[in-house]
Amino acid sequence: MTNTMPIKAKVMIGMVAVASLCALSFGIIRWQSQAWPQLLLLSAAAALSSRFKVKLPGMTSSMSGNLPVILLGVTQLGLFASLLVGITAAIAQSYTSGKQVKPIQFLFNACTLLNATGLAYLVYHSQLFAAHASAHTMSLVLAAVTYFVANTAPVASIIGLTEGGNPFALWHKVFLWSFPNYVIGAGLTAIASVFTTVSGLVTLGTLMAVLFAIYQSYKMYVSRTEQSQPLVMAMAAGR
């Protein structure tokens, strides 16, 4: 695969990988004592929610339901622990679908998710809204937006470089399909983070149940959309 890959795509993958190494190094330098039960529960939830995958219509990429879990890690864990949750999500997202994932694909997807998690963490803890009454909510929204852009823009770009097409048009399609999921995910994170900790199995179990319901709804909607497209095209051709 790498032999036929355009040079620009190889350069982009290299840059994404280097950025993720920097994020991991920065996380190690800023090591904080971790709440291990909380980290283990969030990692398990990240692995499970990453299996709630929906393939985006007309694209080779898919959308997972792990955003609320990753954002909870960002808000309640240290940087390195948040990255560990992100790594767990990346592994589960790539290797639990039953399809063979090429090493270069896993490298890019994992590094992209790591970078998005690290940037979201830095934004959330940047104290930009420290003096504001709703600092937590505003920081969470900004972190979710940062994660969304950092996670979707590289994917649209690499698809455009490897498969052809306009990266901006591809990103716009990703935006239309996945933005509602990110809004819902950020809202669920805000609700769950009202509690002082998500180490409770009840809180985490409730969150996973809601995520599964959203996943089933998205899956059903996408399936109906894909089924209706041939009918629409046939009707248009008959005019």
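Residues numbered from 1 in each chain as written. Predicted model: local features only at pLDDT ≥ 70, side-chain atom pairs only at ≥ 80, totals over all residues. Heavy atoms only, no water.

1. Some remarks on the overall build of the chain
What counts here: The helix count covers DSSP runs of H or I at least four residues long, the strand count covers runs of E at least two residues long, and both are numbered beginning at the N terminus. Per-residue accessibility, obtained with a 1.4 Å probe over protein chains only, is compared with the maximum for each type, and a residue is labelled buried under 20%, exposed over 50%, and partly exposed between these values. Any pair of residues with heavy atoms lying within 4.5 Å of one another is described as a contacting pair. Residue exposure ignores everything except the shown protein chains as possible cover, and the areas themselves are Shrake-Rupley values with a 1.4 Å probe.
A tally of regular secondary structure across the chain gives eight helices and two strands. Relative to its 239 residues, the chain shows a buried fraction of 44%. Within the chain, contacts between residues at least 6 apart in sequence are counted, and of these 75% link residues at least 24 apart. In the form shown here, the chain has an accessible surface area of approximately 12500 Å², with 69% of it arising from carbon and sulfur atoms.

2. Description of a nonpolar patch on the surface
In plain terms, the rule: Within this analysis, patches are made of residues with over 30% relative accessible area and no salt bridge. Like charges are joined at 9 Å or less; nonpolar side chains (Val, Leu, Ile, Met, Phe, Trp, Tyr) at 5 Å or less. Here, a salt bridge means any side-chain nitrogen of Lys or Arg that lies within 4 Å of a carboxyl oxygen of Asp or Glu.
Side chains of Ile7, Val11 and Met15 sit close together on the surface and give an oily, nonpolar patch of about 330 Å² of accessible area. The residue Val11 is located in helix α1 (residues 7–29) in this model.

3. What to know about the environment of Tyr215
As for its placement among the helices and strands, Tyr215 is situated in helix α8 (residues 201–237). Residues Tyr215 and Lys53, spaced 162 residues apart in sequence, show a C-alpha to C-alpha distance of 7.4 Å. Residues in contact with Tyr215, not counting those within four places in the same chain, are Phe52, Lys53 and Val54.

4. Structural notes on the side chain of Ser20
Inclusion rule: Two N or O atoms form a polar contact when they lie within 3.5 Å of each other; inside protein one atom must be a possible hydrogen donor and the other a possible acceptor, and for residues adjacent in sequence the pair counts only when both atoms belong to side chains.
Turning to its location among the elements, Ser20 is positioned in helix α1. The exposure class assigned to Ser20 is buried, which follows from its relative accessible area of 3%. Separated by 2.6 Å, the side chain of Ser20 and the backbone oxygen of Ala17 make a polar contact. Dropping the residues within four chain positions of it, Ser20 is found in contact with Cys111, Leu114 and Asn115.

5. Some thoughts on empty space enclosed by the protein
How we decide: Definitions used throughout: a 1 Å grid over protein atoms alone; a cavity as a set of points that fits a 1.4 Å probe which cannot get out; a pocket as an open set with protein on both sides within 12 Å along at least five of seven lines; a lining residue as one with an atom within 4 Å of a point. Grid points are joined across faces, edges and corners, and a volume is the space filled by probe spheres set on the points.
This model, assessed by the stated rule, comprises one cavity of 30 Å³ or more. Size it by volume and the largest cavity reaches roughly 70 Å³.

6. Focus on the nonpolar core
Put simply, the test is: Here, the term nonpolar core denotes a set of buried Ala, Val, Leu, Ile, Met, Phe, Trp, Tyr and Cys residues that are joined through side-chain atoms within 4.5 Å.
Leu42, Val69, Val85, Tyr147 and Leu211 are the most contacted members of the largest nonpolar core, which has 43 residues in total. Put simply, the parts of the chain that give this core at least two residues each are α2 (36–49), α3 (67–76), α4 (79–95), α5 (103–124), α6 (135–163), α7 (167–192) and α8. Residues contacting Leu211, with those up to four places away along its chain left out, are Ser49, Phe52, Gly65, Pro68, Val69 and Leu188. The next biggest cluster of nonpolar side chains, apart from the first, holds 13 residues, and it includes Met5, Ile13, Phe108 and Leu170.

7. Remarks on the packing of α1 against α5
Inclusion rule: Every axis corresponds to a line fitted to the C-alpha atoms, with the helix fit spanning only the stretch in contact, and the corresponding angles, defined between N-to-C directions, vary from 0 to 180 degrees. Each angle receives one of four descriptions, namely roughly parallel if under 35 degrees, roughly antiparallel if over 145, roughly perpendicular if within 65 to 115, and oblique otherwise. Handedness of a crossing follows from how the near helix is turned relative to the far one, being left-handed for an anticlockwise turn of less than a right angle and right-handed for a clockwise one.
Taken N-terminus to C-terminus, the directions of α1 and α5 make an angle of 45 degrees; their axes are 8 Å apart at the nearest point. One finds that α1 runs oblique with respect to α5. Two packed elements cross with a definite hand, and for α1 against α5 that hand is left-handed. Counting all contacts with α1, which are made through Met12, Ile13, Val16, Ala17, Ala19, Ser20, Leu24 and Phe26, the residues of α5 involved are Ile104, Leu107, Phe108, Cys111, Thr112, Leu114, Asn115 and Leu122.

8. A word on α4
Worth spelling out the cut-off: Here the expected length of a helix is defined as 1.5 Å per residue gap, with one fewer gap than residues.
Given a rise of 1.5 Å per residue, 17 residues ought to cover 24 Å, and the 24 Å separating the end C-alpha atoms of α4 matches this to within 8%. Among all positions of α4, only Leu79, Phe80, Ala81, Ser82, Leu83, Val85, Gly86, Ala89, Ala90, Ala92 and Ser94 are buried. Buried residues belonging to α4 abut α1, α2, α3 and α5.

9. As for the environment of Ser82
With respect to the helices and strands, the residue Ser82 is situated in helix α4. According to the relative accessible area criterion, Ser82 is buried, its value standing at 1%. Taking the C-alpha atoms as reference, Ser82 lies 9.9 Å from Ala120; in sequence the two are 38 residues apart. Within the structure, Ser82 has its side chain in polar contact with the backbone oxygen of Gly78 (distance 2.8 Å).

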